[in-house]
Amino acid sequence: QVQLVESGGGLVQAGGSLRLSCAASGRTFSNYAMGWFRQAPGKEREFVAGLSRGGGITRYADSVKDRFTISRDNAKNTVYLQMNSLKPEDTAVYYCAADSHYGTPSIKENEYDYWGQGTQVTVSS
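Re the packing of aromatic side chains
The geometry of an aromatic ring pair comes down to the distance between the two centres and the angle between the two planes. Per the counting criterion, the structure on display carries 5 aromatic pairs. Geometrically, the ring pair formed by Phe 37 and Tyr 112 is edge-to-face, given 5.1 Å between the ring centres and 80 degrees between the ring planes. Taken together, the positions of Phe 37 in strand 4 (residues 33-39) and Tyr 112 in the loop between strand 9 (92-99) and strand 10 (114-115) put the pair 75 residues apart, joining distant regions of the chain. Per residue, the accessibility class of Phe 37 equals that of Tyr 112, and both read buried. Among the aromatic residues, those joined into a ring-pair cluster are Phe 37, Phe 47, Tyr 112 and Trp 115. Lying over the aromatic face of Tyr 102, Arg 53 brings its terminal NZ or CZ to 3.8 Å of the ring centre. Stacked on the ring of Phe 29, the Lys or Arg Arg 72 has its end atom at 4.4 Å from the ring centre.

Encoded structure:
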């Protein structure tokens, strides 16, 4: 089992920045690719960003490319999502997830094995 706890969400004005953190415990963190997903009110959960086990491969949704950066610190068992130039449409609950598969991080939520409880991000216009 892997336990994931997100933090860092909050209220920010459009154009601002936030950094989300996801702390992992349980099994060896470096054995998992990590992803961030989000779910806005009335919408399905969607992929935001993913990072391979060693951190060498990243994937981003087109909507956040060049604004968001995913990174990890395996020594701290933590994955981060730096969010810049935030827009009202980025408002959502953000979830981190862990995937035991090798290679390129998946964009499909059903391929992730463990999930955090989510953290709310609200961007005001």
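Quick word on the state of the cysteines
Overall, the coordinates contain 1 disulfide when judged by the stated rule. Put simply, Cys 22 and Cys 96 are joined by a disulfide, and their sulfur atoms are 1.9 Å apart. Between Cys 22 and Cys 96 the disulfide shows an S-S torsion of about 45 degrees. By sign, it is right-handed. Residue Cys 22 is found in strand 3 (residues 18-26), and its partner Cys 96 is found in strand 9; the two are separated by 74 residues along the sequence. Here Cys 96 falls in the buried class, since its relative accessible area comes to 0%.

What counts and what doesn't
Residues numbered from 1 in each chain as written. Predicted model: local features only at pLDDT ≥ 70, side-chain atom pairs only at ≥ 80, totals over all residues. Heavy atoms only, no water. Phe/Tyr/Trp six-rings, centres within 6.5 Å; stacked < 30°, edge-to-face > 60°. Helix = DSSP H or I, 4+ residues; strand = E, 2+ residues; numbered from the N terminus. Buried < 20%, exposed > 50% of the residue type's maximum accessible area, 1.4 Å probe, protein only. Lys NZ or Arg CZ within 6 Å of the ring centre and 35° of its normal. Disulfide = S-S within 2.5 Å.

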